[in-house]
Each structure stands twice: as structure tokens, then as C-alpha cells.
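# Examination of the molecular architecture
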Amino acid sequence: MLTSAGFLSRIIGFFYRIFLSQAIGAEGIGIYQLIFPVSAVCFALTCAGIQTAVSKVIAEIRDQHTVHSSRDYLYAGFLLSFSLSVICALVLYANAEWIAVHLLLEKRCAPLLQILACSVPLEAIHSLCNGYFFGCKETKPPAVSQLIEQSVRVLSVYMVYITLYQHQGAMPLQMIVIGTVTGEAAAMLYSILRVYLHLKVNRNDIAFSLPKAADQLCPCIGRITRLALPLSFSRLILNLLVAAEAVYIPNRLMQFGYSSSDALSTFGALTGMALPVILFPTAIVNSASVILLPMVSESDSHGKQTEIEKTVKRSICTCLALGFFSTIGFLIFGNLIGRVLFQNTLVGDLIMTLAFICPFLYMTTTLTSIMHGLGRTTTSFFFSLTGITLRILFVLYAIPEFGIRGYLYGLLLSQVLSTALCSWNLRRYWQA
């Protein structure tokens with residue numbers, strides 16, 4: 001279910017990228033891509049660790065007779081996540097101009113960040129609902145919400161473009177961010193409705209009686225907080241480093257000799273056109289990774305080591321096969337994709353260079369999820385930290401010497417290293 005929704009979403013997103021390349025150009029895409037690291041940091045602060053903690057706890061207690069129900073942990077996670085997201089949104093909105101000028105080094109991002117702030121609470125609620133369903137091993141609601149979010153976002157932007165800007169040149173970037181907020185709002189509303197119906201069908205009381213609310217939620221909040229803190233902290237550190245990586249790519253390209261416009265255009269071609277093509281097959285990998293975490297967690301809590309061994313071996317074989325065929329396909333059709341679909345020869349060159357990353361990228365994603373299911377979040381964090389640090393070193397020192405290819409070589413090397421470290425950590429399972 002998740003894979004089917006993932007592919008449909010990627011297909012929609014793929015054509016959306018083609019549309020954006022014509023509507024706002026490579027430089028516009030580069031500016032637009034600069035705000036996503038900020039979104040990732042907000043996600044890490046407000047809901048990333050909480051979503052994973054809720055999913056893990058619900059998966060563990062689902063078939064057990066415990067004092068606190070799945071509903072209690074859902075409400076506790078909602079209270080934590082929503083409170084943090086509102087604070088984060090207000091801080092982002094108030095400091096958007098300072099962040100754009102001093103951190104992103106691009107003042108044109110300021111109005112985009114103010115609009116993006118509106119999506120932070122929406123994304124937090126949506127993600128928490130998804131975590132609840134993943135813990136219950138129900139994939140249909142998250143899959144449908146993913147399609148709703150993507151469809152509403154793309155259709156709203158396209159309709160605005162057709163109605164107002166088709167014959168007036170480039171579309172303002174603010175309209176694209178408004179489309180993102182609209183899509184997130186639609187997905188959130190659907191997710192809330194599905195959670196309500198799920199709780200009702202499973203005969204869980206929807207509302208608390210106020211005198212008992214604190215007694216019910218406080219222990220749940222404590223357990224979720226203990227699980228979420230290390231996850232959120234590690235995700236926050238990694239996302240801050242990814243943000244620094246994204247900001248310094250255009251900066252170092254200018255040191256190589258590019259103009260500001262050319263540097264942003266190259267950055268947009270890489271992150272907004274070439275990488276989405278390379279990541280297209282990850283619809284399978286990401287869907288599997290989301291489901292693997294609660295499955296492995298449940299198997300580990302019941303001592304089913306044989307099941308974990310089978311899961312690890314199947315995951316490695318699937319990722320290697322998918323990565324091999326993806327690499328061959330991108331090497332053959334990379335130039336054609338860049339020239340025909342994006343009308344940009346640089347995109348084709350980037351796709352062909354990035355093709356070799358596929359097997360390692362897909363394996364790292366899956367193996368990291370398995371490690372999280374086994375509770376090895378700290379080890380996973382240090383592995384990811386090592387890979388990102390290596391990439392940043394290539395950004396700082398290789399791009400000024402070799403241009404964008406210096407970064408691509410660092411990206412490949414970091415993925416090889418991350419895959420090797422994750423495989424070594426799980427060697428007892430795939431060697432069994």
C-alpha cells in the first residue's frame with residue numbers, strides 16, 4: 001500500500017518538478033530548495049522523535065494488556081508535538097528575515113520562510129497520526145494522506161499558475177510555498193478524521209474526563225519523552241548539518257568562479273531536478289523502512305531473532321537488486337531525461353554521475369530503519385554523523401577546487417561509508 005502510494009506520489013512529484021523547472025527556472029528552484037533544510041530542522045524539533053516513539057510504543061503494547069492504551073500514548077504525543085510546533089512556528093515567523101540573511105545567505109528566502117512557518121503545526125499533527133497508524137501496522141491511512149498532500153499541493157499551484165501567471169512570466173515563489181501549506185493542511189485533516197474513526201471502531205473513548213486526564217497522560221508523556229529525546233536530538237544535529245551543507249554549496253560554487261545566479265541554478269539543478277530523479281525508486285525503500293521499524297521492534301521485544309535475520313537478509317538483497325537496476329537505467333537514460341524532460345544538459349550529467357550512489361543509498365536507508373527498530377539509535381546517529389561530516393568537508397574543500405563534481409564525489413564516498421558501517425553493525429544477522 002505504501003509503495004503504491006509512494007510511486008504515485010513520486011510520479012506526481014516528478015512531473016511537478018518538470019513543471020517548476022519551466023515555471024520558475026533553475027535559479028528559482030535553487031532558492032526554493034534552500035528553505036527545505038529549515039523545514040527539516042523544524043520537523044526534527046517538533047515531531048520526528050515523537051512520531052518514532054509513538055510508533056514504537058504502540059507496536060510494543062498493541063497485543064499486551066497494559067494500564068495505558070494506544071489512545072493514551074497518541075494523545076500524549078499530540079500534546080508534546082503540537083505544543084512544540086506552535087512555539088517553533090512563531091519563532092520561525094518572527095525571525096524569518098534574520099534566518100534568510102544570516103543563515104541561508106539569501107534574503108529572498110525571508111517571505112518563503114514566513115509562509116512555511118504556517119505548515120509546522122500541520123506537519124506535526126499529520127506526522128503523529130501517521131506514527132500512530134504505523135504502530136498499529138495499518139498502512140492505508142498514511143498512504144492515502146501522502147497522495148492527498150501531494151495531489152492538493154500540485155493541483156493548487158498548477159491552477160494558480162494557469163489562472164494568473166501563465167502569460168506573465170515566472171510565478172512568484174511564494175505561491176509554491178502556499179501550495180505546500182495547502183497540501184499539508186489537507187493531509188492533516190484527512191489524518192485526524194481517520195484517527196477519530198479508528199479509535200471509535202476499536203472502542204477507545206475519544207475524550208478524556210478532565211480529572212483523570214493528568215493521571216493518564218503523565219506516565220505516557222514521560223515514556224515518550226525518554227524515547228523521543230535521543231531520536232530528536234540526533235535528528236536535529238543531522239538536519240542542522242544538512243542545512244549547513246545546503247547553504248554552503250552555492251557559496252562554495254561562487255568561490256569556484258560561478259556568479260550568484262549560476263551557483264543557485266546549479267544548486268537547483270542538483271537538488272531540485274537530478275536528485276529527485278535518483279530518489280524516485282526510493283518509494284519502495286522508504287515504504288519498507290517505515291514498516292520495518294515497528295516490525296523489527298516487535299520481533300525484538302518477543303525475542304524472535306530468526307525473524308530479524310530473515311528481515312535483514314531480504315532487505316539487503318532487495319536493496320542491492322533495486323540499486324543495481326536503477327544504476328544501469330540512469331546511466332542509459334540520464335542524458336535523455338535531462339535534455340528532454342528538464343531541457344537542461346547539466347541535469348543529465350548530474351544524473352549519470354549520481355547513478356552510482358543508488359545501491360548504497362537504498363541499503364543505508366533500510367538498514368538504518370532496522371537499527372532503529374533494534375534500539376540502536378545512538379549508533380545509527382554516529383554513523384549518519386560520520387557520513388554528513390564527510391560530505392561537508394567535500395563541500396568546503398572540494399567544490400572550490402573541482403566545482404560541483406567535487407561534491408558529487410563526496411556524496412558517493414559518504415554513502416559507501418555509511419552502508420559499510422550499517423552492514424558491519426548488523427553483521428550478526430546477515431551472516432547468520
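Quick notes on the rules
Residues numbered from 1 in each chain as written. Predicted model: local features only at pLDDT ≥ 70, side-chain atom pairs only at ≥ 80, totals over all residues. Heavy atoms only, no water. Core = buried A, V, L, I, M, F, W, Y, C linked by side-chain atoms within 4.5 Å. Buried < 20%, exposed > 50% of the residue type's maximum accessible area, 1.4 Å probe, protein only. Contact = heavy atoms within 4.5 Å. Helix = DSSP H or I, 4+ residues; strand = E, 2+ residues; numbered from the N terminus. Expected span 1.5 Å × (residues − 1). Bend = angle between axes of the 7 residues up to and from the residue.

## Here's the deal with the nonpolar core
In globular proteins that are soluble, nonpolar side chains generally tend to be buried together. One finds Leu113, Met171, Ile176 and Tyr407 to be the most contacted residues of the largest nonpolar core, which totals 110 residues. Excluding its chain neighbours within four sequence positions, the residues that come into contact with Tyr407 are Glu245, Ile249, Leu270, Arg391, Val395 and Ile399.

## Here's the deal with the environment of Arg17
Within the element layout of this structure, Arg17 appears in helix H1 (residues 2–23). Assessed through its relative accessible area of 18%, Arg17 is described here as buried. In this structure, the C-alpha to C-alpha distance between Arg17 and Met273, residues 256 residues apart in sequence, is 6.5 Å. If we ignore the near neighbours within four places in the chain, the residues touching Arg17 are Gln33, Gly272, Pro276 and Phe342.

## Some thoughts on unusual backbone geometry
Even without glycine at this site, Leu105 takes up a positive phi of about 60°. With respect to the helices, strands and loops of the structure, Leu105 is situated in the loop between helix H5 (96–103) and helix H6 (110–117). Non-glycine residue Gln343 carries a positive phi angle of around 55°.

## Some points on helix H3 (residues 36–61)
Taking 1.5 Å of rise per residue, 26 residues should cover 38 Å, and H3 covers 35 Å from first to last C-alpha, within 8% of that figure. Remark: the principal bend of H3, roughly 55°, maps to Ala44. Of all 26 residues that make up H3, 23 are buried, and the element is covered over most of its length.

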